Structures are given as C-alpha cells and as structure tokens.
Amino acid sequence: TQLLEQSPQFLSIQEGENLTVYCNSSSVFSSLQWYRQEPGEGPVLLVTVVTGGEVKKLKRLTFQFGDARKDSSLHITAAQPGDTGLYLCAGSRTGTASKLTFGTGTRLQVTL
Amino acid sequence: NAGVTQTPKFQVLKTGQSMTLQCAQDMNHNSMYWYRQDPGMGLRLIYYSASEGTTDKGEVPNGYNVSRLNKREFSLRLESAAPSQTSVYFCASSEWTGHEAFFGQGTRLTVV
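The rules behind the values
Residues numbered from 1 in each chain as written. Chains lettered and ligands numbered in written order. Predicted model: local features only at pLDDT ≥ 70, side-chain atom pairs only at ≥ 80, totals over all residues. Heavy atoms only, no water. Helix = DSSP H or I, 4+ residues; strand = E, 2+ residues; numbered from the N terminus. Rg over C-alpha atoms; globule rule 2.2 N^0.38 Å. Buried < 20%, exposed > 50% of the residue type's maximum accessible area, 1.4 Å probe, protein only. Contact = heavy atoms within 4.5 Å. Lys, Arg positive; Asp, Glu negative; His and termini not counted. Charge placed at Lys NZ, Arg CZ, Asp CG, Glu CD. Core = buried A, V, L, I, M, F, W, Y, C linked by side-chain atoms within 4.5 Å. Buried area = accessible area lost by both parts, 1.4 Å probe. Salt bridge = Lys/Arg side-chain N within 4 Å of Asp/Glu carboxyl O. Polar contact = N/O pair within 3.5 Å; in protein donor to acceptor, adjacent residues only side chain to side chain. Pairing = 2+ DSSP bridges. Axes fitted to C-alpha atoms, helices over the stretch in contact; angles between N-to-C directions. Disulfide = S-S within 2.5 Å.

### Some remarks on the overall build of chain A
Okay, so step 1: Each helix and strand counted, chain A has zero helices and eleven strands in total.
Okay, so step 2: Reading the secondary structure of chain A in the N-to-C direction produces β-β-β-β-β-β-β-β-β-β-β.
Okay, so step 3: A globule of 112 residues ought to have a C-alpha radius of gyration of about 13 Å, and chain A, at 14 Å, matches this closely.
Okay, so step 4: In terms of overall dimensions, chain A has C-alpha extents of about 45 × 30 × 20 Å along its principal axes.
Okay, so step 5: Looking at chain A as a whole, 45% of its 112 residues qualify as buried.
Okay, so step 6: Put simply, of all contacts in chain A between residues at least 6 apart along the chain, 54% involve residues at least 24 apart.
Okay, so step 7: Computing the positive centroid from 10 side-chain charges and the negative centroid from 9, chain A places the two 7 Å apart.

This is the structure:
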C-alpha cells in the first residue's frame, strides 16, 4: 500500500485546457514536495509546501497543501505541450531521519 | 555541474548474477537515497543514508544491500539478481533527510 496516492494516474488533454492533479494520504506530513520527471531523466523539484492551507504559484502552476497537511493538489492553467511529463508528489513525515516518500505519479500528456 | 552521477546507465544481468550500482554526489549533501521506479508505482525507497556512517531500510529493501562509502558515495548491491528486480534505479541526495532531493539520471536494469 502506497502512503501517497495520486489521481488521476493518466491524463491526456489538449493545449489550453486546465487540469488538477491530487495527492492524498491518511498520514500527516511536515512538508510536501512536487516533482516533474521527463523521459530518461530523474525527477526535478517544482515546489515545497510546509504550512497547512499554503498556496504557492509557479507561473501557470498552483500548488496547495491541505489544511490538515494530509493532501495536496497541483492545478495547471492553460496547459502547454511543454508541461508533458510525470508529476510526483513526495512527503516528509515529522520525526528523526524523516525520509522522503513518493506518490504513485500522474502521467500528463498535452497535445496541440 | 555534475550533481548526482550514477553508473552504469544500462545493464542486463542473468538471474543469479551480482552487481553494484555506483552513485556519487558533489553537493556536500548529508543524506543519500536509492529508489526504484516501476510503471504505476511511482518511486519506492530501497535504502537510505541519513548521514555518513548510517544506513536504513526503506520500503522495499529485500534483495539489496548498500554501502555509504564516504560522504560522497552510496552504492547499491544486488547479490543474486532476480527478474523482479528489473526496474529503473535512481540515486538521490539531499542536504538532510526530507529536504529537496536531487536525482541522478537513473540506471535501467534488466534481469533475464
């Protein structure tokens, strides 16, 4: 059983559409990160959220951390082909040696 | 500008063979990780090293061993490879556990 479940697993949309990806858990996290991974590469960090209810914007991407710090969402406005990739959330739980646990991933394809 | 370097990039093994995946980082990070990535499973933590001189099991440690050789290097050993270990392996490092993780480019391993 994965600690962090992402939905949807796959998403294929056309350029200009909006979309939201969800990352859910029954556990509380001290921080949550979103990464994007392109084929043949390792994941690259997009953002870290640490406070319940926090909203961060990165150009057309909006990230929100749930009030209870158990879930997060990533919203993309007016998607572009360059947004294509695998989106991964990752959480760190409170405690010593709090290792980073990754979600199941959402594969996004944006077509012209 | 090397960051995290993994070798080899590709490897084919026969069932029962052994091999070691090498990883080195030049960012003076304290924590290092080995993940495996399988379709639909996101990234699963195999082992991690919170700091030089320590190693701990992750979610899927069976069939693997690790060595934190020094602060820079963290190797992953498969003693007797099995087809279930066919996967893409990523090494990552971070300043401390739970912080932003920087990834290598991955090793695509096939066990036949």
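Additional details are given in the paragraphs that follow.
### Description of the nonpolar core
Where a protein is soluble and globular, its nonpolar side chains tend to be buried together.
Okay, so step 1: Membership of the largest hydrophobic core comes to 20 residues, with the highest contact counts inside it found for Leu-19, Leu-32, Trp-34, Leu-74, Ile-76 and Leu-108 of chain A.
Okay, so step 2: Elements that contribute at least two residues to this core include exactly β3 (19-24), β4 (31-37), β5 (44-49), β7 (61-65), β8 (71-76), β9 (85-92) and β11 (106-111) of chain A.
Okay, so step 3: If you look at the next biggest cluster of nonpolar residues, it comprises 19 residues, including Leu-13, Leu-21, Phe-74 and Cys-91 of chain B.

### What to know about the interface of chain A and chain B
Okay, so step 1: Contact with chain A, which involves 22 residues of that partner, is made by 20 residues of chain B.
Okay, so step 2: Interface area for chain A against chain B, summed over the two sides, is near 1600 Å², with a carbon-plus-sulfur share of 52%.
Okay, so step 3: One can count zero salt bridges joining chain A with chain B.
Okay, so step 4: Counting the contacts that link chain A with chain B gives five residue pairs in polar contact (both at pLDDT 80 or more).
Okay, so step 5: Elements with a minimum of two residues in the side of chain A that touches chain B: β4, β9 and β10 (100-102) of chain A.
Okay, so step 6: Among the elements that make up the side of chain A that touches chain B, the one with the highest residue count is β4 of chain A (four residues).

### So, the sheet that holds strand β6 (residues 55-58) of chain A
All names here are of chain A.
Okay, so step 1: Taken in spatial order, the five strands make up an open sheet running β1-β3-β8-β7-β6, and their pairing is antiparallel. Only two strands of the sheet have a single neighbouring strand rather than two, namely β1 (5-7) and β6. Neighbour-to-neighbour, the strand axes of the sheet open up by a mean angle of 15°, direction not taken into account.
Okay, so step 2: Taken together, the six bridges between β3 and β8 define a ladder with antiparallel strand orientation. Across the sheet, the residue bridging to Val-21 is Leu-74, located in β8.

### Focus: the state of the cysteines
A disulfide bridge is the covalent bond that connects two cysteines by way of their sulfur atoms.
Okay, so step 1: Scanning the entire structure with this criterion turns up two disulfides over all chains.
Okay, so step 2: Two residues share a disulfide in this structure: Cys-23 of chain A and Cys-89 of chain A, whose sulfurs sit 2.0 Å from each other. On the sign convention where negative means left-handed, the S-S torsion of about 75° between Cys-23 of chain A and Cys-89 of chain A marks this disulfide as right-handed. Residue Cys-23 of chain A is located in strand β3, and its partner Cys-89 of chain A is located in strand β9; the two are separated by 66 residues in the primary sequence.
Okay, so step 3: At a sulfur-sulfur separation of 1.8 Å, the disulfide partner of Cys-23 of chain B is Cys-91 of chain B. On the sign convention where negative is left-handed, the bridge of Cys-23 of chain B and Cys-91 of chain B, at about -75° about the S-S bond, is left-handed. Taken as a pair, Cys-23 of chain B in strand β3 (residues 19-25) and Cys-91 of chain B in strand β9 (residues 87-94) lie far apart in primary sequence, 68 residues in all. Each of the two residues, Cys-23 of chain B as well as Cys-91 of chain B, counts as buried.

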